[in-house]
Amino acid sequence: MNPFVSKSIFMLGIVFWLLIRIPYQQIQKQNIIVDQRKTLQEKIVRLLLLVGILLLPLIHVLFPWLNFANYHLPIWANGLGTAILALSLWLFWRSHHDLGQNWSSTLEIRAGHTLSTSGVYRNIRHPMYTSVLLLCIAQPLLLSNLIAGLSGFIGFSIAYATRIGQEEQMLLDTFGDEYEVYKQCTKRLIPYLF
Ligand SMILES: C[S@@+](CC[C@H](N)C(=O)[O-])C[C@H]1O[C@@H](n2cnc3c(N)ncnc32)[C@H](O)[C@@H]1O
């Protein structure tokens, strides 16, 4: 596949990604927050994700500065990247839909917060983070560049290591046994596996 086409597919995916989020950001503004765990570490992790998934790919698409780290991929790899990106977008949309008003971009609990356990939350506890992981797998398959391709995965790994445990603790503090039971019946990111 022509590198211009595969890069454009990735950037189009990012545009869809941002569009999916807009209505939920509006809904989030109406929430009354009763517990917020917005630490400096959390802010740094979000910044790293933004750099890894958005900024470095954008630099790679617009400027030749990272071209020294380019590699070539066969067309099937670009096709696979496109399919994974499509799956990621679907899961990203679906997890926002299933969380509904419970969604927020940071770690917080709203007044009237309920535990979502159906839809894509039936088998895994963090389908939205699974969608981010899928995006990070599609990234090197579509951008064919070591830096812009792997930066998302590095950002995701740091977010995974630092954020998920804190989020689960916050939900456990809020929902107690209900969350404990839910935890026992589900996996974190990959149904039946992990
Ligand atoms: C960016 S969302 C990510 C949700 C989830 N970790 C995922 O990957 O699908 C983060 C917010 O979702 C909320 N949240 C996470 N899991 C939830 C659940 N099962 N039910 C209700 N709210 C949840 C938490 O309040 C958290 O602040």
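Residues numbered from 1 in each chain as written. Predicted model: local features only at pLDDT ≥ 70, side-chain atom pairs only at ≥ 80, totals over all residues. Heavy atoms only, no water.

Novice: Help me out: how do you make sense of the pattern of salt bridges in this one?
Specialist: Side chains carrying opposite charge are able to pair once their charged atoms draw close together. This structure, assessed with the given rule, holds seven salt bridges. A salt bridge links Asp173 to Arg37, with the nearest nitrogen and oxygen atoms 3.1 Å apart. A residue pair is termed long-range when its members are at least 10 positions apart, and Asp173 in helix α5 (residues 146-175) and Arg37 in the loop between β1 (33-36) and α2 (40-62) qualify at 136 residues. The residue Glu168 makes a salt bridge to Arg125 at a minimum N-O spacing of 2.8 Å. With a gap of 43 residues between them, Glu168 in helix α5 and Arg125 in the loop between β2 (108-110) and α4 (127-143) connect regions that are remote in the sequence. In this pair, the class of Glu168 matches that of Arg125, namely buried. Each of Arg125, Glu168, Lys183 and Arg188 takes part in salt bridges that share partners, so that together they form one network. (Salt bridge = Lys/Arg side-chain N within 4 Å of Asp/Glu carboxyl O. Helix = DSSP H or I, 4+ residues; strand = E, 2+ residues; numbered from the N terminus. Buried < 20%, exposed > 50% of the residue type's maximum accessible area, 1.4 Å probe, protein only.)

Novice: Mind showing me how you'd approach the nonpolar core here?
Specialist: Among soluble globular proteins, nonpolar side chains are generally buried collectively. Core analysis: the biggest nonpolar cluster contains 42 residues, and Phe10, Leu135 and Phe156 have the highest contact counts within it. Elements with a minimum of two residues in this core: α1 (3-29), α3 (75-99), α4, α5 and α6 (177-185). Counting residues per element, this core draws most heavily on α4, which supplies 11 residues. Setting aside chain neighbours within four positions, we find Leu135 in contact with Phe10, Ile14, Trp17, Ile53, Leu85 and Ser88. (Core = buried A, V, L, I, M, F, W, Y, C linked by side-chain atoms within 4.5 Å. Contact = heavy atoms within 4.5 Å.)

Novice: Could you clarify how one ought to interpret unusual backbone geometry in this entry?
Specialist: If you check the backbone angles, Ser144 has positive phi at about 45° while not being a glycine. Turning to its location among the elements, Ser144 is positioned in the loop between α4 and α5. Judged by relative accessible area, which is 13%, Ser144 ranks as buried. Within the chain, Tyr192 stands out as a residue other than glycine whose phi angle is a positive 70°.

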